[in-house]
Amino acid sequence: MIPEMVDLINAVRADLAERALPSPVATLAVALDHSYPEGPAYEDTLTATLLDGSSVEINFGSAIADELIELADTNRDIGLQEFIITLIKVPSQPTRSYTVSWFMDVEAHSYREAAEKAWAAQRRQGTTASVFTVEAPDGTRVEVDLTEDTETPVA
């Protein structure tokens, strides 16, 4: 990471530590405008996404402005304009192992031919082979229709 970005992140963190926000800031959206003859400028109010998923507009002081301008000035060659500063990595939902089944009746001479026909039907452009039975680790079964965007419990 470039040193100016580290300085900017540290300045943002120091500023945010003094604010009474309802939730920690996860990301901060920054936009720089290079159209000014005297050099790049940025919006005084930046959009912060909080860890709880809500957004808030935050007006930062001159310390942040100074760091943003230095970052833009020292990296003119990359045309830095809009970027997101990630302050907190939001953990993703843990994955679970699902069993997914797709059923169809096939007329064939062998197991392999039946499988090949089913596979071809599923991959054919414009196919209607879009309904799957999905079983969760706890045994719950749901029918998912990808064309209808529906999930129906299976008894």
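Quick note: structure is the one above.
Everything in this summary refers to the structure shown in the same document. (Residues numbered from 1 in each chain as written. Predicted model: local features only at pLDDT ≥ 70, side-chain atom pairs only at ≥ 80, totals over all residues. Heavy atoms only, no water.)

### Quick notes on the environment of Ile58
Now for step 1: Relative to the assigned elements, Ile58 resides in strand β4 (residues 55–59).
Now for step 2: Ile58 gets classed as buried once you look at its relative accessible area, which sits at 2%.
Now for step 3: For Ile58 and Thr47, which are 11 residues apart along the polypeptide, the C-alpha to C-alpha distance reads 6.3 Å. (Helix = DSSP H or I, 4+ residues; strand = E, 2+ residues; numbered from the N terminus. Buried < 20%, exposed > 50% of the residue type's maximum accessible area, 1.4 Å probe, protein only.)

### Considerations on the pattern of salt bridges
Now for step 1: Inspection of every chain in the model, using the stated rule, returns three salt bridges.
Now for step 2: With a closest N to O distance of 2.5 Å, Arg19 and Asp15 form a salt bridge.
Now for step 3: A relative accessible area of 31% means that Arg19 is categorised as partly exposed.
Now for step 4: The partner of Glu113 in a salt bridge is Lys117, and the shortest N-O contact between them spans 3.5 Å. Placement of both Glu113 and Lys117 in helix α3 (residues 111–123) is noted, with a separation of four residues, approximately one turn of the helix.
Now for step 5: Classification of Glu113 by relative accessible area gives partly exposed; the value is 22%.
Now for step 6: Exposure remark for Lys117: the relative accessible area of 38% places this residue in the partly exposed category. (Salt bridge = Lys/Arg side-chain N within 4 Å of Asp/Glu carboxyl O.)

### Looking at the pairing of strand β3 (residues 45–50)
Now for step 1: Only one face of β3 is covered, namely the face carrying Leu46, Ala48 and Leu50; the face carrying Thr45, Thr47 and Thr49 is uncovered.
Now for step 2: Inspection of the sheet shows β3 paired to β4 by five bridges, in the antiparallel sense. Looking at the pairing, Ala48 lines up with Val56 of β4.
Now for step 3: Count of turn residues in the β3/β4 antiparallel hairpin: four residues, of which Gly53 carries a positive phi of about 95°. (Pairing = 2+ DSSP bridges.)

### Structural notes on the environment of Glu148
Now for step 1: Mapped onto the elements of the fold, Glu148 is located in the loop between β8 (141–145) and β9 (150–153).
Now for step 2: Between the alpha carbons of Glu148 and Ser130 there is a distance of 9.1 Å; along the sequence they are 18 residues apart.

### A word on the nonpolar core
Now for step 1: By size, the foremost hydrophobic cluster in this structure holds 20 residues, and its most contacted members are Leu8, Val12, Phe60, Phe83 and Ile85.
Now for step 2: For this core, the secondary-structure elements that each account for two or more residues are α1 (3–17), β1 (25–33), β3, α2 (62–74) and β5 (82–86).
Now for step 3: No other element matches the six residues that α1 contributes to this core. (Core = buried A, V, L, I, M, F, W, Y, C linked by side-chain atoms within 4.5 Å.)

### So, the sheet that holds strand β6 (residues 99–101)
Now for step 1: Here four strands make up an open sheet; going across it, the order is β6-β7-β8-β9 and the pairing antiparallel. Single-partner strands in this sheet number two, and they are β6 and β9. Between one strand axis and the next, the sheet turns by 25° as a mean value, whatever way the strands run.
Now for step 2: Of the pairings in the sheet, the one linking β6 to strand β7 (residues 131–135) comprises three bridges and is antiparallel in character. The residue of β7 that forms the bridge with Ser101 is Thr133. (Axes fitted to C-alpha atoms, helices over the stretch in contact; angles between N-to-C directions.)

### Thoughts on the side chain of Ser23
Now for step 1: By the secondary structure assignment, Ser23 is in the loop between α1 and β1.
Now for step 2: Overall, Ser23 belongs to the buried group, its relative accessible area being 11%.
Now for step 3: Here Leu51 takes part through its backbone nitrogen, which lies 3.5 Å from a polar atom of the side chain of Ser23.
Now for step 4: When neighbours within four sequence positions are excluded, Ser23 is seen to be in contact with Leu50, Leu51 and Asp52. (Polar contact = N/O pair within 3.5 Å; in protein donor to acceptor, adjacent residues only side chain to side chain. Contact = heavy atoms within 4.5 Å.)

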